[in-house]
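What follows is each chain in one-letter form.
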Amino acid sequence: MAKVHIIGAGPGAIDYLIPAARREIEKADCLIGAKRILSQFCYPDKKKMYLEGHFNEAGSYIKKNKDRKRIVVLVSGDPGLYSFLRQVQLILKKEEYAVIPGISALQLAFARIGESWQDAKIISLHGRGKGNLAKELKDCGKAFLFTDAKFPPEKIAGYLLRNGIKNRRAIVFEDLTYPSERIVDTDLKALSSERGFGLCAMIIKK
Ligand SMILES: C[S@@+](CC[C@H](N)C(=O)[O-])C[C@H]1O[C@@H](n2cnc3c(N)ncnc32)[C@H](O)[C@@H]1O
């Protein structure tokens, strides 16, 4: 039987999905992923399972059906960065699954500003809160942050200012690849009084 495929769907719009991923998705019996990601795929004949709040059910389904169904797990961006791949690694043997990379929100954000990112610090605040963020950014020239609704850009900016991180350029990337894409290129002080960001990531630079 085919392996379970963990596929990076890119930041959102279907144009950013690589052809090898598309071929595997077309062959699948079941697509598992976040609602936002699965909503880009219209295959009425395929079973769809949403991941939100159903991590354990998805894991059990994969274990139970891996030998009789072609299962594709679609994650946002690249599977190697803060994705459901970690859970799959815990329940399947390496020979039972294959990973197809995708374009990360990180890559796209740096592409939008025309800069390289090999020297950037990558930090995820997604579902984790601020932790040691101020300490991590103290001597950091270039950082990329995955954010979430609980700790949005304006709160991150306010927190950093209160903790001695000042004079930094702050760039917010909202809804990358969607028609609503918006890039706000500003500094921490101005950002701290902005409101209303949705799905977004940030670059903070000296
Ligand atoms: C759980 S992390 C997964 C990261 C993903 N594996 C990647 O490589 O981009 C989800 C976070 O990625 C960022 N993100 C994903 N898609 C995005 C988009 N279209 N626009 C802006 N940020 C996005 C947001 O910070 C979001 O909270």
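Residues numbered from 1 in each chain as written. Predicted model: local features only at pLDDT ≥ 70, side-chain atom pairs only at ≥ 80, totals over all residues.

Caption draft 1: Structural detail: the site of the ligand. The full set close to the ligand counts 23 residues, and P11, G77, S104, A105 and L176 are the nearest of them. Among the secondary structure elements, those contributing two or more residues to the shell around the ligand are α5 (105–112) and β10 (200–205). (Near = placed C-beta within 6 Å. Helix = DSSP H or I, 4+ residues; strand = E, 2+ residues; numbered from the N terminus.)

Caption draft 2: Up close: unusual backbone geometry. Positioned with a positive phi, Y82 is a non-glycine residue whose angle comes to about 50°. Relative to the assigned elements, Y82 resides in the loop between β4 (71–75) and α4 (85–91). Take Y82: there are 18 C-beta atoms within 10 Å of it, and that puts it in the partly exposed class. With phi around 50°, D175 is a residue other than glycine that occupies positive phi space. Turning to its location among the elements, D175 is positioned in the loop between β8 (169–174) and β9 (182–187). Taking the number of C-beta atoms within 10 Å as the measure of exposure, D175 has 17 and is therefore partly exposed. (Buried ≥ 20, exposed ≤ 12 C-beta atoms within 10 Å, placed from the backbone.)

Caption draft 3: Region of interest: the domain arrangement of the protein. Under the domain assignment, the protein is made up of domain 1 (4–103) and domain 2 (106–205). Opposite the eight residues of domain 1 that make contact, domain 2 presents nine residues. Of the residues contributing to the side of domain 1 that touches domain 2, the split by class is six nonpolar, two polar and no charged. (Domains from an automatic or database assignment. Contact = placed C-beta atoms within 7 Å. Nonpolar A, V, L, I, M, F, W, Y, C, P; charged D, E, K, R; others polar.)

Caption draft 4: A look at the sheet that holds strand β3 (residues 47–50). One open sheet accounts for five strands, arranged β3-β2-β4-β1-β5; its pairing is parallel. The open sheet has two edge strands, β3 and β5 (97–100), and neither has a second partner. Within the sheet, the average angular offset between the axes of one strand and its neighbour, ignoring direction, is 20°. Sheet topology places strand β2 (residues 30–33) next to β4; four bridges connect them, and they run parallel. Within β4, the position partnered with G33 by the bridge is L74. (Pairing = 2+ DSSP bridges. Axes fitted to C-alpha atoms, helices over the stretch in contact; angles between N-to-C directions.)

Caption draft 5: Region of interest: the nonpolar core. Core analysis: the largest hydrophobic core is formed by 29 residues, its most contacted members being A109, L145, A170, V172, F173, A201 and M202. Looking at this core, the elements with two or more residues in it are α5, α6 (133–137), β7 (142–146), α7 (153–162), β8, α8 (188–191) and β10. At five residues, the largest contribution of residues to this core is made by β10. Those residues in contact with A201 that sit more than four places away from it in its chain are A105, A109, F144, L145, F146, T147 and F173. A28, A58, I62 and V75 belong to the second-largest nonpolar core, a separate cluster that totals 21 residues. (Core = buried A, V, L, I, M, F, W, Y, C linked by C-beta atoms within 7 Å.)

Caption draft 6: The arrangement of the pairing of β2 in detail. As judged from the four bridges shared by β2 and β3, these two strands associate in the parallel manner. Bridging across to β3, G33 finds its partner in Y50.

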